[in-house]
Amino acid sequence: MEATAEKTPAHSGSNPKNQLSKPAAFGIQAFFIIYSLICIIPVVLIIMVSFSNETTVVRDGYQFWPAAFSFEAYEFLFKDPTQIIRSYGISIFVTVVGTLLSLVIMALYAYPISRRDFPHAKFFTFFVFFTMLFGGGLVPWYLVYVQMLGLKDNIWALILPLMISAFFVLIIRTFFITTIPNAVLESAKIDGAGEMKIFIKIVLPLSLPVLATVALFQTLTYWNDWFLSLVFITKDANITVQYLMYKMMLNIQFLANNSNVANAIRSAGGTFRFPSETVRMAMVIVGIGPIIFAYPFFQKYFVKGLTVGAVKG
Amino acid sequence: MEIAETKAAGTELKRNSALRRKLEKSVFRKYWMFYVMMLPGIVILIVNNYIPMFGILIAFKNINYVDGILGSPWSGLRNFEYLFKTKDAWIITRNTLLYNGGFIILNLIIPLAFAMMLNEMKNRFMAKLHQTIMFLPYFLSMVVISYLVFAFMSDQNGFLNKTLLPALGMESVSWYFTKEVWPYILPLVNTWKWVGYYTVMYMAAIIGIDDEYYEAATIDGAGKWKQMTSITLPLIMPVVTILTLLQIGRIFNADFGLFFQVPRESGVLFPVTNVIDTYVYRTFLTVGDIGLSSAAGLLQSVVGFTLVFLSNWIVRRINKENALF
Amino acid sequence: MKKKGKRSWFGVLALVMAAALVLSACSGNGGNSGKTTGGNDGNKGAATTTPTDNGDKGEAVGELKPHKLTLVYPGSPQNDEAVVEEALNKLLTEKINATIDLMPIDWGAWDDKINLMIAGRDEVDIYFTAQWNGHANNVSKGAFIELNDLLDQYGQGIKDSLDPAFLEGAKINGKNYGVPTNKELASAGGLVYRKDVADELGIDMSNVKGPEDLAAVYAVVKEKRPDLTPLYSNGGVFNAHYFGNYDFLGDGTIPGAILKDSTDTTVQAVEDMDRYKDYLKLAREFFTKGYINADAATTQVAPQDAWNAGIVFSTIEPMKPGKADEIANAAGMPGKMAQIIMTEKTVATSETAGSMLGISSTSKDPARAMMFINLLHTDKEINNLLNFGIEDVHYTRNGEIITPTDKSGDYAPGSAWMFGSQFLNYVWNTEAPDKWEQFKAFNEGAISSPGLGFVFNSEPVKSEVGALANVIKQFQKAVETGSVDPEQGLKDYLKALEEAGLAKVIAEKQKQFDEFLKTK
């Protein structure tokens, strides 16, 4: 199927008689232009607000074309960029290391269970599949990481939990089963190659499409994760960009929704300060930056890979 | 006689188990590399997934932190009783099922329509471009999406309240305090995020259809509509079924990010935004009731479990190749 | 063959399960034994050090093993945290042979993280805790250890300086699980307003004694200064618990209260009280006349931010001496605000247990934790270092008066109200120099609520409490800011509360309260 996805002309294109009527074609064209705008516009709005002057935002609200432009928000953010750079570093490290490790581990796990001649394949397939069905819940899971492994505030707590996705293991397995001819494996074995050698020399090169797709998915998962930081990290040194963004609105939200608590804090003597509107939005832009630039490139491979694995999964 | 029989059965059994042990040994000798390869994965799965499963005990305990999970007194089904005594049990189940049900339908119809329309586009460059742009929301994290939604619906500064509604001469609306609109907003946001993804899937399936079918149909004088209903749809049905069933299997698991981030923890909205996942999280972390939270979590796991098996069974019946197990 | 495969399958499964069980059991036991031995160690340490501690302090320090104390409290992480920690370590090593790890957690994440840390048995020595922050619930789950013995042994400084009413009023089932901060004991509600604006408009604020006197003032403000919101609010107005003097007998989110300034011990829904209805009418009147900001029920702009933006004439605030100065300073208009106390001064559990430090049951050395808390109550240097940073870096000092420097922003946790004794704090140059004398005077002559020292245990009605919390979130703000018609709004609100089980919760509260009163 991956080959057909590349095919450029549509069916209707190949036969001049089998074409849509002009108005219908125009209608479709117009529809998609509008829909594409709907996809972009929210991001544009955030970008514009981040370049607005704070006082005009307070006065006019969020505008697509601010009355006054200003770089104040970014100046503020980069006046002391230590936290941002630090969080970027964490996000990048987690994404790169996490994706690579998880890819290796998942592929290594998927290969044996893809082999029909391996008597325990069924058990180990179920062993990974069962994790999709049943979970122990947040508390025991947290206890394992914090008490048993001692990973509180540790960067590995942001990597380990997302390392194995049962779904992807099964997809890789299915790919191995369907696309790697048994004959090839057999002949390699006759030549005296060990399983590890077969895996590295034969299976992996043949499986690049599915591995690329899973890698892309994992990249996205790691980069976009905020929950693990929320759960495991208390020190700002190890928080990711996503969590940095989330944290900014947390405080505001919290007080707006808990007026009883807010009153209690205030009557106990506490005060609150929040970042300004434009700074919040600038932070979002800083946070989505890399993904926005990387995604057209990603997208190409996604489309390729999706059709390979997910449908089969 | 009886004795002799049992004796015979005994030796038979003994021989069998000896044989089996031998077999196991030879399997291990032959495939030892496989175990080595799987080892990191097995360790992670045990640590990350299997050990925490013993946490389901919490649902049946009256937890005291000092005594630990094992040492705390049993409470029988009291946590479940509490859960069902509240209105919440009903609300979160209803919300989870209705939203996910709605999402499945929307993720079926809209991307399917989009894919068919894109496929009819003559200008391939434009079709590609639209597809690329449509895919953008899929790459954004829920934190970012919640900011995007907020930029439009914020009470004080939102684009809707400050610009659009006044321009239309309408009163501004406190979106984050108006329950009625959220059953529409959440599916809208969800569809916005996922439409690109599913469109690509269906596109691929449609492109995979052999051109000859259409050629033949054109010769028979079938119109576009006819081609769609009698060629395109039936031929991509397997893909559609699988994708949909996969979602149905997870109908009891809500997208935590969507329901947690996008409504911004607005308490007023809980009756329409609280789903099982957010309830489990909040009951534990904001209310501090670990027993109640675990009870809800366990219930979700058990029902979800059943649903996955059920949908897999259905997939198997349709097409064995596509079954997960 | 197939059967065989299946059998071995289950064999391996069983094996894995067993392995996992053993592992988890080990971890459980390990954790437990670790905990218990930790506790014993602490006690042993306590036992051995007690005699020397009573004698020469210096010798006692020599015998203490080094220990790193962790202090978890809500607040934004500060840039210069490490520097301050280092300075604190120097002092603490000398005094109690301990070092410290400050762990501030943002307010927004506080509830989530603290619950996770408590349930996850994180090794922490001291947690900030408060009656309104689930203290009773955490105590019932064994999160904090009982402090009475430790207080006797190592908390002499606390007992000497702290008004006994604090410890008395913070008890749960007759025991203390948190050491209250020594600060204002009394509470009252009142108004903070722009003095410069009042003077400019020629308004005589000395005649304003209660909220009903405000109508005339606001009429003038609204007419002459349309740029100012006469009364800014982002939640309730006069029916905030500190203004209405409602004592919720513990957690303020659970309905059913008595009046602090009355002797009546009947628990009632505040929404049924005459005072509530009167204040509601007043709020509605102000709202319809446009004195209260129209988005009061929904805005996410906190009063302090509104003050900072300079769009506010007055707000309703919990009162203490110097409240107006505090707000004015934060808003960058020092000296331009004044305050009027409008209600009786009262003392209730919400004040005595409104800010405490508890010792975690996971602490490896509770005795040392208590020594540290004791230092926060007695040692001026340590207290001020923790609250304001390093002298001549984060502030400059002249006697008791401190002045901000350009580095002040790098360490300004604003958490003085959480740590030890506020009476040890230095005073900012923009505040009244006799701030602490005013506090002491303020504490005198306050009326004690009949509920002082009682904390409601919500366990028997917990499903109702959850449902009620949702109803409150849905209605409370809209009703109490006067955004909706009080007649109809209150009726709907009450109806929803009753459906959610109001009567049952109140009956339970009354039952427990009556028992408490009997033993008193």
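Predicted model, so just to flag it, every value in this text is computed and none were measured.

Let's talk about the interface of chain B and chain A
Of the residues lining the interface, 103 residues belong to chain B; the matching set on chain A comes to 109 residues. Around 10100 Å² of area is buried between chain B and chain A when both sides are counted, 73% of it from carbon and sulfur atoms. On the chain B side of the contact with chain A, Met37, Phe139 and Tyr147 of chain B bury the most area, a combined 8% of that side's loss. For the pair chain B and chain A, the interface holds zero salt bridges. Inspection of the region where chain B meets chain A yields 14 residue pairs in polar contact (both at pLDDT 80 or more). Residue composition of the side of chain B that touches chain A, grouped by class: 68 nonpolar, 24 polar and eleven charged.

Considering the packing of helix H7 (residues 121-133) of chain A against helix H9 (residues 166-179) of chain A
Running from N to C, H7 of chain A and H9 of chain A point in directions that differ by 140°, and their axes come no closer than 8 Å. The segment H7 of chain A lies against H9 of chain A, with Thr125, Val128, Phe129, Thr131 and Met132 of chain A engaging Ala166, Phe167, Val169, Leu170 and Arg173 of chain A.

Considerations on the pairing of strand S3 (residues 126-129) of chain C
Residues and elements named next belong to chain C. Side chains Ile126 and Phe128 project from S3 onto one buried face, and the interleaved Tyr127 and Thr129 project onto a second face that is buried too. Bridging between strand S1 (residues 67-74) and S3 involves two bridges; their strand directions are parallel. The residue of S3 that forms the bridge with leucine 71 is isoleucine 126. Across four bridges, S3 lies against strand S14 (residues 356-359) in antiparallel orientation. Each bridged residue has a counterpart across the sheet, and for tyrosine 127 the counterpart in S14 is glycine 358.

Some remarks on the sheet that holds strand S12 (residues 337-341) of chain C
Residue and element names in this part refer to chain C. As summarised here, the arrangement of the four strands in space is S8-S11-S7-S12, forming an open sheet in which the pairing is mixed. In this open sheet, the two strands that pair with only one neighbour each are strand S8 (229-231) and S12. Within the sheet, the average angular offset between the axes of one strand and its neighbour, ignoring direction, is 25°. Pairing of strand S7 (residues 188-194) with strand S11 (residues 312-319) involves six bridges; the strand directions are antiparallel. What sits directly across from valine 192, in S11, is threonine 315.

Some remarks on the UniProt feature "domain: ABC transmembrane type-1" (unreviewed entry) in chain B
The sites that carry the UniProt feature "domain: ABC transmembrane type-1" (unreviewed entry) are, in the present numbering, residues 93-311 of chain B. In this annotation, residues 93-311 of chain B is assigned 75% helix and 0% strand; the end-to-end C-alpha distance for the span is 19 Å.

Thoughts on the nonpolar core
Tyr109, Phe124 and Phe232 of chain A together with Leu71, Met370 and Phe372 of chain C are the most contacted members of the largest nonpolar core, which has 263 residues in total. With residues near it in sequence (within four places) discarded, methionine 370 of chain C still touches Leu147, Leu150, Leu151, Tyr154, Gly155, Ile158, Val179 and Ile359 of chain C.

Notes on the pairing of S7 of chain C
All names here are of chain C. With seven of seven residues buried, S7 is to be regarded as a mostly interior element. In this sheet, S12 lies alongside S7 in antiparallel orientation, the contact comprising five bridges. Among the inter-strand pairings, tyrosine 193 is bridged to a residue of S12, identified as alanine 338.

Observations concerning the environment of glutamine 63 of chain A
For glutamine 63 of chain A, the location among the structural elements is in the loop between helix H4 (54-60) and helix H5 (72-79). Ignoring any residue separated from it by four or fewer positions in sequence, one finds glutamine 63 of chain A in contact with Leu45, Met48 and Val49 of chain A together with Thr163 of chain B.

Observations regarding the domain arrangement of chain B
How big an interface is tends to be stated in terms of the accessible area lost upon association of its parts. All names here are of chain B. Domain assignment breaks chain B into domain 1 (2-64) and domain 2 (78-322). Using C-alpha coordinates to define each centre, domain 1 is positioned 40 Å away from domain 2. Across the boundary between the two partners, domain 1 contributes seven residues, which contact eight residues of domain 2. Among the residues of domain 1 in contact with domain 2, Ile58, Ala59 and Phe60 are the three that bury the most area, contributing 64% of the side total. Across the domain 1-domain 2 interface, the total number found is zero salt bridges. If you look at where domain 1 meets domain 2, you find two residue pairs in polar contact (both at pLDDT 80 or more). A class-by-class count of the residues in the side of domain 1 that touches domain 2 yields five nonpolar, one polar and one charged.

Conventions used here
Residues numbered from 1 in each chain as written. Chains lettered and ligands numbered in written order. Predicted model: local features only at pLDDT ≥ 70, side-chain atom pairs only at ≥ 80, totals over all residues. Heavy atoms only, no water. Contact = heavy atoms within 4.5 Å. Buried area = accessible area lost by both parts, 1.4 Å probe. Salt bridge = Lys/Arg side-chain N within 4 Å of Asp/Glu carboxyl O. Polar contact = N/O pair within 3.5 Å; in protein donor to acceptor, adjacent residues only side chain to side chain. Nonpolar A, V, L, I, M, F, W, Y, C, P; charged D, E, K, R; others polar. Axes fitted to C-alpha atoms, helices over the stretch in contact; angles between N-to-C directions. Helix = DSSP H or I, 4+ residues; strand = E, 2+ residues; numbered from the N terminus. Buried < 20%, exposed > 50% of the residue type's maximum accessible area, 1.4 Å probe, protein only. Pairing = 2+ DSSP bridges. UniProt positions renumbered as here; feature names shortened; annotations may be inferred. Core = buried A, V, L, I, M, F, W, Y, C linked by side-chain atoms within 4.5 Å. Domains from an automatic or database assignment.

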